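Chain by chain, the residues run as shown.
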Amino acid sequence: MSRIGAVSLLVRDYDEAIAFYVGTLGFELTSDLDMGGGKRWVTVTPKGGQTALLLAKATTPEQVARIGDQAGGRVWLFLETDDFARDHAAWTAAGVTFREAPRHEPYGVVAVFEDLYGNAWDLIQPAGGL
């Protein structure tokens with residue numbers, strides 16, 4: 001058996017990223033370990049999810065340049081939900097930027113939103129459910 005355990009996400013600051021993913025989007029903080037020298041192993045996971053985001057603080061000029069542009073402007077991550085209307089309303093009220101109005105596609109209800117750095121994500125409620 002195999003699975004993707006984590007996907008790294010370049011961030012400016014660990015604590016601001018935790019505040020957004022945990023405080024705004026409702027993810028769970030699954031680890032925050034001091035690795036020494038200002039480096040931390042920080043993971044956040046959507047509630048009920050298995051794959052974590054590893055919040056990786058950018059430390060080189062090349063990494064800093066990629067913050068908010070990890071996919072070259074395309075949608076980068078696809079977050080599935082069991083209640084699109086609930087999450088869309090809560091996140092809109094919390095100030096999350098949606099680039100479009102919700103739309104119905106053959107695969108489900110979807111809208112593109114931005115994380116705190118501008119990376120594009122899809123919020124999707126799959127047509128067949130989770």
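What counts and how
- Residues numbered from 1 in each chain as written.
- Predicted model: local features only at pLDDT ≥ 70, side-chain atom pairs only at ≥ 80, totals over all residues.
- Heavy atoms only, no water.
- Helix = DSSP H or I, 4+ residues; strand = E, 2+ residues; numbered from the N terminus.
- Rg over C-alpha atoms; globule rule 2.2 N^0.38 Å.
- Buried < 20%, exposed > 50% of the residue type's maximum accessible area, 1.4 Å probe, protein only.
- Contact = heavy atoms within 4.5 Å.
- Lys, Arg positive; Asp, Glu negative; His and termini not counted.
- Charge placed at Lys NZ, Arg CZ, Asp CG, Glu CD.
- Arc of directions from axis to C-beta.
- Pairing = 2+ DSSP bridges.
- Axes fitted to C-alpha atoms, helices over the stretch in contact; angles between N-to-C directions.
- UniProt positions renumbered as here; feature names shortened; annotations may be inferred.

Undergrad: I'd like a description of the overall build of the protein chain, backed by residues and values.
TA: Each helix and strand in the protein chain was counted, giving three helices and eight strands. When the helices and strands of the protein chain are read in sequence order from the N terminus, they spell out β-α-β-β-β-α-β-α-β-β-β. For the protein chain, whose C-alpha radius of gyration is 15 Å, the value lies close to the compact-globule estimate of 14 Å for 130 residues. Considered along the principal axes of its C-alpha atoms, the protein chain spans approximately 45 × 35 × 30 Å. Within the protein chain, the proportion of its 130 residues that are buried is 38%. Of the contacts formed within the protein chain by residues at least 6 apart in sequence, a portion of 52% connects residues at least 24 apart. Charged side chains in the protein chain number 11 positive and 17 negative. The centres of these two groups are separated by 4 Å.

Undergrad: Tell me about the environment of E28, and name the residues and values.
TA: Of note, E28 is situated in strand β2 (residues 28–36). Through-space distance from the C-alpha of E28 to that of N119 is 20 Å; in sequence the pair is 91 residues apart. In this structure E28 touches V22, T43, V44, T45 and K47, once residues within four positions along its chain are discounted.

Undergrad: Tell me what's going on with helix α1 (residues 14–24), and back it up with residues and numbers.
TA: Of the residues making up α1, those classed as buried are Y14, A17, I18, F20 and Y21. Down the axis, α1 shows its buried residues gathered within 165 degrees of arc, on one side only. As for α1, its buried residues are in contact with β1 (6–11), β2, β3 (39–45), β4 (52–57), β7 (108–114) and β8 (120–126).

Undergrad: Summarise the sheet that holds strand β6 (residues 103–105); cite the residues concerned and give the values.
TA: Spatially, four strands are ordered β5-β8-β7-β6 in an open sheet, and the strand pairing comes out mixed. Pairing within the sheet leaves two strands with one partner each, and these edge strands are β5 (75–80) and β6. Strand-to-strand twist across the sheet, computed as the mean angle between neighbouring axes with direction ignored, equals 35 degrees. Here β5 pairs with β8 via five bridges, running parallel. Across the sheet, the residue bridging to E80 is I124, located in β8. Set on the sheet, helix α3 (residues 84–93) makes contact with β5, β7 and β8; between it and β8 the angle comes to about 145 degrees.

Undergrad: Tell me what's going on with the UniProt feature "domain: VOC" (unreviewed entry) in the protein chain, and back it up with residues and numbers.
TA: Under the UniProt annotation, "domain: VOC" (unreviewed entry) lies at residues 3–126. Secondary structure content for residues 3–126 is 22% helix and 41% strand, while the C-alpha to C-alpha distance between its ends is 21 Å.

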